[in-house]
Amino acid sequence: MTIPVPVPSVGFWPATAMIAAIVLLSTTGEVLTAAAMKSIGDLDDIRAHSGMKGAIRAVVTCPLFFAGVSFLAFAFFSLLFALNHLNLSLVAPASASLTLVTNAIAGKLFLKEDVDRRRWTSAILVCIGVYLLAH
Amino acid sequence: MAHHNLLPRQYLILGLVAVCAPLGDTCLSRGMTQLPAITLAHPATLVAAVFTPWIAVGIALLIGFFASYLTALSWADLTFVLPATAFGNVIVALLSRFWLHEAISLERWGGIVLITVGVGFVANGPSLTERPAAAGALPAIPEQVQEEQVR
């Protein structure tokens, strides 16, 4: 008599929720970090005027930057949590490629970036490319 | 200050973003696989791992990646920088094919072509959204830095 070994299985919705959490946290982190860097200004110019110390101080005294890095850290831990329940071959390509599309949407909505047809095409091509490469 | 055409040093920064992340990850992976299995019961071994050569180089490369990434975001749009960073995946795949002599399936070659074309598309366009200097626009340089520049 063989004893069935319980295989941890995750349903469709929990898996979707885990990947969605990674994508949303990562997108929020990227958008906040990008907004922080735009509010700080061109780092090359700041470094030319105030030196490396001035550039570092401009970054580390920006609250938006810390908010962004915090969300990126949460995204990292949610990735670790997902990898504990799901296969890498599912989580890595799905989260990497979906994040590109959500970042394009968030960039247009929140950062008011000019996401024209060229950038949409690029985001979708890279998204499919990352999926094919990592799958 | 809007840069529509990137300067050579800005292409260099984007190149560093694309190269440092995959190389850093590869160094970390190589360093961690050379170590014996680390358990939560002995967390000090994880700290010791930081000082091994491959992992130290990996961390240095990832710090380089983050610094370059932040610099790029300070003069280019997020929707411009992110596809460019994805080119790192292509570099890893090509390194694994021609350096490690790993086989690359037809699907992966397809992925390499799509990412390359996608990055080419976005790289030919403007890097930063032009904004009128009207109310609501983000300041180019924060007050504290402007004060410092005046001093």
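Scope of this entry: the structure provided in the associated data block.

Calculation criteria
Residues numbered from 1 in each chain as written. Chains lettered and ligands numbered in written order. Predicted model: local features only at pLDDT ≥ 70, side-chain atom pairs only at ≥ 80, totals over all residues. Heavy atoms only, no water. Contact = heavy atoms within 4.5 Å. Salt bridge = Lys/Arg side-chain N within 4 Å of Asp/Glu carboxyl O. Polar contact = N/O pair within 3.5 Å; in protein donor to acceptor, adjacent residues only side chain to side chain. Helix = DSSP H or I, 4+ residues; strand = E, 2+ residues; numbered from the N terminus. Buried < 20%, exposed > 50% of the residue type's maximum accessible area, 1.4 Å probe, protein only. Axes fitted to C-alpha atoms, helices over the stretch in contact; angles between N-to-C directions. Parallel < 35°, antiparallel > 145°, perpendicular 65-115°, else oblique. Left-handed = near helix turned anticlockwise from the far one by under 90°. Core = buried A, V, L, I, M, F, W, Y, C linked by side-chain atoms within 4.5 Å. Phe/Tyr/Trp six-rings, centres within 6.5 Å; stacked < 30°, edge-to-face > 60°. Expected span 1.5 Å × (residues − 1).

Facing 50 residues of chain B, the contacting portion of chain A comprises 44 residues. At the junction of chain B with chain A, the criterion picks out 2 salt bridges. Counting the contacts that link chain B with chain A gives 14 residue pairs in polar contact (both at pLDDT 80 or more). When contributions to the side of chain B that touches chain A are tallied by element, the ones reaching two or more residues are helix 1 (8–34), helix 3 (53–75), helix 4 (78–98), helix 5 (106–123) and helix 6 (143–150) of chain B. With 12 residues, the single largest contributor to the side of chain B that touches chain A is helix 5 of chain B.

Residues and elements named next belong to chain A. Within the secondary structure, Ser-39 is located in helix 1 (residues 12–40). Its relative accessible area of 16% is what places Ser-39 among the buried residues. A distance of 2.7 Å separates a polar side-chain atom of Ser-39 from the backbone oxygen of Ala-36.

Residue and element names in this part refer to chain A. The interhelical angle for the contact between helix 1 and helix 3 (residues 63–85), taken along N-to-C directions, is 160°, at an axis separation of 7 Å. Our classification of the angle between helix 1 and helix 3 gives roughly antiparallel. Regarding helix 1 and helix 3, the two cross each other, and that crossing is left-handed.

Let us now look at the nonpolar core. Among the nonpolar cores identified, the biggest contains 42 residues, and A:Ile40 and B:Leu78 are the most heavily contacted of them. Only helix 1, helix 2 (43–60), helix 4 (88–109) and helix 5 (117–134) of chain A together with helix 1, helix 3, helix 4 and helix 5 of chain B provide two or more residues apiece to this core. Here this core takes 8 residues from helix 4 of chain B, the largest share from any one element. Here B:Leu78 is in contact with A:Glu30, A:Val31, A:Ala34, A:Asn103, A:Leu111, A:Glu113, B:Tyr69, B:Leu73 and B:Pro83, once residues within four sequence places are set aside. Within the second largest apolar cluster, 9 residues are counted, among which are A:Met18, A:Ile22, A:Val23 and A:Val91.

Negative phi is the rule for most residues except glycine; trans is the rule for most peptide bonds. Residues and elements named next belong to chain A. Located in the positive-phi region is Lys-112, a residue other than glycine, with phi close to 55°. Among the structural elements, Lys-112 can be located in the loop between helix 4 and helix 5. You can call Lys-112 exposed: its relative accessible area is 56%.

We now examine the packing of aromatic side chains. Per the stated rule, a full pass over the model turns up 6 aromatic pairs over all chains. Between A:Phe12 and A:Trp13, the aromatic rings sit 4.9 Å apart at their centres with planes inclined by 75°, giving edge-to-face as the arrangement. Judged by relative accessible area, which is 60%, A:Phe12 ranks as exposed. Overall, A:Trp13 belongs to the exposed group, its relative accessible area being 65%. For the pair B:Phe65 and B:Tyr69, a centre-to-centre distance of 5.6 Å together with 20° between the ring planes defines the contact as stacked. You can see B:Phe65 and its partner B:Tyr69 sitting in helix 3, 4 residues apart, about one turn around the helix.

What follows covers helix 3 of chain B. Between the first and last C-alpha of helix 3 of chain B there are 34 Å, a value that for 23 residues agrees with the 33 Å anticipated at 1.5 Å per step. Among the residues of helix 3 of chain B, B:Ile55, B:Gly58, B:Ser68, B:Tyr69, B:Leu70, B:Thr71, B:Ala72, B:Leu73, B:Ser74 and B:Trp75 are the ones counted as buried. Those residues of helix 3 of chain B that are buried are in contact with helix 1, helix 2 and helix 3 of chain A together with helix 1, helix 2 (44–49) and helix 4 of chain B.

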